[in-house]
Amino acid sequence: MDRMASNLLDGAIGFDDPTNPSPLIGRLLLVEDCVETSGAFVLHHLLKRAFSSPNSSNAVIFLAFSQSFVHYDRILRKLGCNLAAQRDNGRFVFFDMLTLGCSGEKTRSGKETDEGVLVGLYCKIQRAVDALIQENKKHVTIVIDDISLLEVAANGSSNLVLDFLHYCHTLLSEVGCSIIALDHEDVYMDIKRPLSLQLEYLADVLIKVGPLATGIAKDVHGQLTVLNKPVEGLQDKLRNRVQNFQFYIKENGTEFFYSGSRA
Amino acid sequence: MAATKPRTGSFSRNFSSAHSSKTPGYKHGPNGTTFISSGIPDLDKILCGGFPLGSLVLVMEDAEAPHHMLLLRNFMSQGLVHNQPLLYASPSRDPRGFLGTLPSPGASKDDKSRDNSSEQEKGLRIAWQYKKYFGDDQESTNAIDSKYEFCNDFDLRRPFDRHFFSGKHVECVSILDSSSLSNFRDRCATFLSQVPRNDGNISSAGRIAIQSLCAPQCDHSNMEWEMLSFLRYLKSMVRSSNAVAVVTFPPSLLSPSFSKRWQHMADTLLSVRAIPDEDKELAKLLTGYQDMVGLLNVHKVAQINTQVPKILEATTFSIKLQKRRYLVLECLNQAPIDVSSGSSYGSTGSCSGSSKTASLEF
Amino acid sequence: MAESICRALRDGALQGELAPTLTIKDNINSPFGFHAFSHVLTQLSSNILAGKSQSRGLVLLSFSRSPAYYVQLLKKRGLNVGSSAKWIQILDCYTDPLGWKQRFMEGENVSNVDQEVSNLSHLCTNVGDMDKLFSSIITLGKAGFVGEGTVRFCVAVDSVTNMLRHSSISALAGLLSSLRSNDSVSSTFWLVHEDLHEEKVIAALEYMSSIVATLEALTPPPYESRSNVDNSYLERRSTKGRFHVRIKRRNGRVRVISEDFNVELAGIKFTSISSEDAVINQVLIPKVQFNLQLSEKELNDRARVVLPFEHQGTGKPIQIYDGRRSLSESKDDNIPLMSNEKGNDDGWGKGEIVYFRDSDDEMPDSDEDPDDDLDI
């Protein structure tokens, strides 16, 4: 039924449950990484998942603050998924946000506030979601790469970022979207009430990516922790369970394995 | 030799085409990237080719040492040698003065004598030095004329002649006054608009060198979000053009949180550190301590168009001035006796993430 | 007990006094505050439906979940939320709290909310305006279920944390206190995430409430460091925790209750603190390769180890060597310590230090100057 072989990460999120092929519906998945180890590969993996499932009612809205389309396209192509084709099919909506809010100085006089920027962005998302639902794409995933850059676009107003995310969150409950967001945890180390803590409250699934405690290794790129909050409809075995494993990133996929079990 | 290069991705370019390309100073890398040289041959090796076009390179300064200037100078000089447009910005009143300190390329004759003389000093190190000529630049070595090499050795004691700048595209900007960050942003945008990215041939590549972006004497130095926003803008502009931006900054002047944000912004992240003077213990511990002027750390290597991180054999290198003229980077943990085995980072193969060679590291 | 909280809220306010108020607070290590909140909500709702409580209805300010979610939740717990029984009114501060949707959806009203929910909920598009919020709560309450006389209703806020993003603490405190002192409010309760606010804010909320319930993880996080992926989540794996309640009683005393809770599929379950605690605690201590704590036996064993400098004290008066005494007097000292102690051995065994040499590199103790290779 599923063309993609399940791995540890999929299992930890709940993709291996045959009764519930889209476990992320109505849930917010947060990936936290740090300077030493990038968590972008989790986004790529989940992106590929969304498109490789036989369920053609999946669609993705991608808010790219950190990389250009070419970058993602090349990576996903090596993973065996053609983003450009998906975009033409109308299953992939790409928002190039590299310069969102950057033209600041000029527009500020033109009365476009930071809030206006995010309201406008949300408006675009909402319209895109509506359009996708119209085309019978029932499960829309919104991917945000990444939140700390969204914060820069909002000129450092974390409240605004939270408001924006709240509005995206309303799409979870209203039309059964999923949200996958990447954030950098180490950015918030010295702040007392960090945005990341708010996000952790908001998240239903939390994935932390970090380097090995023992330092750099050639055949292990880092470790990963998956935490599922106890929400309804979740497999019993995943409820609030913490799972730790390590990963090795390749061009055509990522290997996940338990510590020490790699051949 | 292109064929010996191990590649992991299924979509990779035919490498022989790289050498048929007429324009000097560019090298095709994996995943459709193109490298330009950092101006330091060893740094290019360490970074598996150089700085990829479209990337933002951040260098974390050491408040106690000016090593970041070495990196900037060589980066800029290399651009001048290759006739690439250059934008230099610094927090000084007269940034143009800095151009007078740029090193000029060592003549190829010099190169020979240099190699010979150092052979007497350290025979094994030379073997390693030569190695690069068996690498990607084989053809250019045959061409002898050092001006058309991908990367030159720069003689730090011989400044560029003033007249050399005439006819070259060099812009200098001071980032001292307050409104300058937005002005400067527009300046960068105009500069980058001359080197747009079109998927065909690369006619020219721009180099942006920004020194001490968050220096305390700048009026914007306390506007942390503005600086971050500038960096983000710069990064996205550079991404869509054929250019590389090297920005140095003293992280100690930023709050820890912002320092991290800057680091996340970087495609390639380097840091330089001073080493203590006349430290007997270090002298015992590190071989070649006498020639060392500082340390260089590689924190991130640009991952453009790929998700595979580059795991380097070593991340800490000593910065040495060979014959007091040439900038050389060496693996820190190597005693001279190990050079033959340890220098493998010079060969391109070890740079691919899938390489299985075991590494010894501190 | 969780029971007594619900009872206090059910019984409501006395004439002329402030309405009983409950603050539920949690933190990221035990983020089950919402489960506790919905537990109180459903308990109170069933009391209202059964006519057992002082209040006849409930106004819910939903900030963190959609009204549809609450309707589902109450239905699942077997409560009748049909339009006939208009006992619950939801002030929808979730769907469009800042009016963003309104701003660009001018005119076109996309509503995929079903009829049942939209009957009960009322959209609020400017949650920052506390005065407006207050008047809409009172209007909803009065219009909804307060007919004539002094019929009262409950007010529930599902996330004060979200409210505080849009208003200052003083404005919020003003709203909450005017709710408490309003004649038609029977009781109020709200949820707040403790670690997202300054202590001052939490203190202000606690000051204004008559009951404070805190959800805590059973064991504190073993390490403060959040960077270490392995450790920071060890205790979070538990759906269990401790529920602390402080009830400010009218006679001036404070009643302190602690309970255990466990978040199950069907909701949060409260149990009185069991003797299993000790066991649980031990299990939850992170498993490390070395022992941080000693068992009782190990403690005893350690106590019995005779350290070298203690030899003189084994049951005898301490004698300091005195060169002036004759040899005969110090005869006792010549008896080997080992045999001496063996005689006293009363079955307890004797502790000793077992020492393994780490490696062959380690030289046996010698009188050699360890620093003599130092070249100074």
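Residues numbered from 1 in each chain as written. Chains lettered and ligands numbered in written order. Predicted model: local features only at pLDDT ≥ 70, side-chain atom pairs only at ≥ 80, totals over all residues.

A. Local environment of helix α9 (residues 195–202) of chain A. Residue and element names in this part refer to chain A. Turning to α9, its buried residues number three or more, namely L195, S196, Q198 and L199. Looking down the long axis of α9, one finds its buried residues gathered within 155° of arc, a one-sided arrangement. For α9, the elements touching its buried residues are β1 (28–33), α7 (147–153), α8 (158–175) and β5 (178–184). (Buried ≥ 20, exposed ≤ 12 C-beta atoms within 10 Å, placed from the backbone. Helix = DSSP H or I, 4+ residues; strand = E, 2+ residues; numbered from the N terminus. Arc of directions from axis to C-beta. Contact = placed C-beta atoms within 7 Å.)

B. How the structure looks around the pairing of strand β10 (residues 243–249) of chain B. All names here are of chain B. Burial within β10 is extensive, with seven of its seven residues counted as buried. Here β10 shows no split at all, with A243, A245, V247 and F249 on one side and V244, V246 and T248 on the other all buried. Here five bridges tie strand β4 (residues 56–60) to β10, and the two strands are oriented parallel to one another. Looking at β10, one finds that V57 is bridged to V246. Where strand β9 (residues 206–210) meets β10, five bridges bridge the pair, whose relative direction is parallel. Looking at the pairing, I208 lines up with A245 of β10. Tracing the backbone out of β9, into helix α8 (residues 224–239) and back to the parallel element β10 gives a crossover that is right-handed. (Pairing = 2+ DSSP bridges. Right-handed = clockwise from strand over helix to strand, strands pointing away.)

C. Inspection of the environment of Y88(B) at higher detail. All names here are of chain B. Here Y88 lies in strand β5 (residues 86–90). Placed 100 residues apart in sequence, Y88 and C188 show a C-alpha to C-alpha distance of 9.9 Å. Excluding residues within four positions of it along the chain, Y88 makes contact with M76, P95, F98, C172 and A209.

D. Main features of the sheet that holds β4(B). All names here are of chain B. Pairing is mixed across the open sheet formed by nine strands, whose spatial order is β8-β5-β9-β10-β4-β11-β12-β13-β14. Edge strands, defined here as strands with exactly one partner in the open sheet, are β8 (170–174) and β14 (326–331). Strand-to-strand, the axes of this sheet are offset by a mean angle of 20°, without reference to chain direction. As paired strands, strand β13 (residues 316–322) and β14 are joined by six bridges and run antiparallel to one another. Bridge pairing in β14 links K320 to V328. Along the sheet, helix α3 (residues 67–81) makes contact with β4, β5, β9, β10, β11 (268–274), β12 (292–300), β13 and β14, crossing β9 at roughly 160°. (Axes fitted to C-alpha atoms, helices over the stretch in contact; angles between N-to-C directions.)

E. Layout of unusual backbone geometry. Residue and element names in this part refer to chain A. Residue D146 follows D145 across a cis peptide bond; omega there is -5°. Of note, N136 is a non-glycine position whose phi angle comes to about 70°, a positive value. On the secondary structure map, N136 appears in the loop between α6 (114–134) and β4 (139–145).

F. Spatial organisation of the nonpolar core. Within the largest apolar cluster, 163 residues are counted, with the highest numbers of intra-cluster contacts made by V57(B), L58(B) and A245(B). The next biggest cluster of nonpolar side chains, apart from the first, holds 68 residues, and it includes F32(C), I48(C), F63(C) and V155(C). (Core = buried A, V, L, I, M, F, W, Y, C linked by C-beta atoms within 7 Å.)

G. Region of the structure containing the interface of chain A and chain B. Counting from both sides, the interface comprises 36 residues of chain A and, opposite them, 35 residues of chain B. Elements supplying a minimum of two residues to the side of chain A that touches chain B: α2 (40–52), α3 (69–78), α5 (104–109), α7 and β8 (242–250) of chain A. Looking at which element gives the most residues to the side of chain A that touches chain B, the answer is α3(A), with six residues. Among the residues making up the side of chain A that touches chain B, the classes are represented as 15 nonpolar, 11 polar and 10 charged. (Nonpolar A, V, L, I, M, F, W, Y, C, P; charged D, E, K, R; others polar.)

H. Region of the structure containing the sheet that holds strand β8 (residues 240–248) of chain C. Residue and element names in this part refer to chain C. Reading across from one edge, β4-β3-β2-β5-β6-β1-β7-β8-β9-β10 is the order of the 10 strands in this open sheet, with mixed pairing throughout. Both outer strands of the open sheet, β4 (121–123) and β10 (267–272), are each paired with one neighbouring strand and no more. On average, each strand axis in the sheet is inclined to that of its neighbour by 20°, with strand direction left out of account. Here strand β9 (residues 254–264) runs beside β10; their pairing, made up of six bridges, is antiparallel. When the bridges of β10 are listed, N262 appears paired with K269. Its contacts with the sheet put helix α8 (residues 169–180) on β1 (21–26), β5 (152–157) and β6 (185–193), and the angle it makes with β6 is roughly 150°.

I. Expanded view of helix α2 (residues 33–49) of chain C. All names here are of chain C. Helix length check: α2 (17 residues) gives 24 Å between terminal C-alpha atoms against 24 Å at 1.5 Å per residue, within 8%. In terms of burial, α2 is a largely internal element, 13 of the 17 residues being buried. Remark: G51 follows α2 within two positions and exhibits a positive phi of approximately 75°. (Expected span 1.5 Å × (residues − 1).)

J. The arrangement of the confidence of the model for chain A in detail. Considering every residue of chain A, the mean pLDDT works out to 84; 88% of them sit at 70 or more. This model gives residues 105–111 of chain A a pLDDT under 50, and the stretch forms two contacts once residues within four places in sequence are excluded. (pLDDT = per-residue confidence, 0-100.)

K. Region of the structure containing the packing of α6(A) against α8(A). Residue and element names in this part refer to chain A. Running from N to C, α6 and α8 point in directions that differ by 15°, and their axes come no closer than 10 Å. By the criterion of interaxial angle, the relationship of α6 to α8 is roughly parallel. At the point where α6 passes α8, the crossing takes the right-handed sense. On α8, the residues touching D114, E115, L118, Y122, I125, V129 and I133 of α6 are L160, F164, Y167, C168, L171 and V175. Of the residues that constitute the contact of α6 with α8, the class distribution is 11 nonpolar, no polar and two charged. (Parallel < 35°, antiparallel > 145°, perpendicular 65-115°, else oblique. Left-handed = near helix turned anticlockwise from the far one by under 90°.)

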